[in-house]
Amino acid sequence: MCIGIPMQVLRAAGLRAQVQGRGEQREVDTALVGDVAPGDWLLIFLDAARERMDPQRAAEVNAALDLLAGALGGQALFADDPGFTLPSAMSAHDVAALAGAPYRGSGGGTD
């Protein structure tokens, strides 16, 4: 699985840039996004910039990555725990209801 990481440009030279984000710095290829300048936000995949981002979008992606990291680490997704249940823990009937589709049990009819 490949996940894009929002990173901010520190320095740029030619088609390379030194970027920083999520606690690390690295040098990336910027050929796909063109000229960049210090302060620009980029979405990085496999040490290559794939997309320019505004600061608000970078913050949204970082927030989603924080939620993912927390969930993978066993943390509750929400401080007040609203009782969210993953579809993998639901019955087939409940998943169908969540998807807005009628449940068709083994007999083919709706239960």
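Below is a short write-up of the structure. On a predicted model such as this, the values are computed, not experimentally measured, just so you know. (Residues numbered from 1 in each chain as written. Predicted model: local features only at pLDDT ≥ 70, side-chain atom pairs only at ≥ 80, totals over all residues. Heavy atoms only, no water.)

### A word on unusual backbone geometry
(1) Moving on: Of note in this structure, R22 is not a glycine but carries a positive phi near 55 degrees.
(2) Moving on: Take R22: it is sitting in the loop between β2 (16-21) and β3 (24-29).
(3) Moving on: Even without being glycine, D47 reaches a positive phi, approximately 60 degrees.
(4) Moving on: Relative to the elements of secondary structure, D47 occurs in the loop between β4 (41-45) and β5 (48-53). (Helix = DSSP H or I, 4+ residues; strand = E, 2+ residues; numbered from the N terminus.)

### Points about the side chain of Q18
(1) Moving on: Mapping Q18 onto the fold places it in strand β2.
(2) Moving on: Here Q18 falls in the buried class, since its relative accessible area comes to 18%.
(3) Moving on: With sequence-adjacent residues up to four places away left out, Q18 is seen in contact with Q8, V9, L10, R11, Q25, R26 and E27. (Buried < 20%, exposed > 50% of the residue type's maximum accessible area, 1.4 Å probe, protein only. Contact = heavy atoms within 4.5 Å.)

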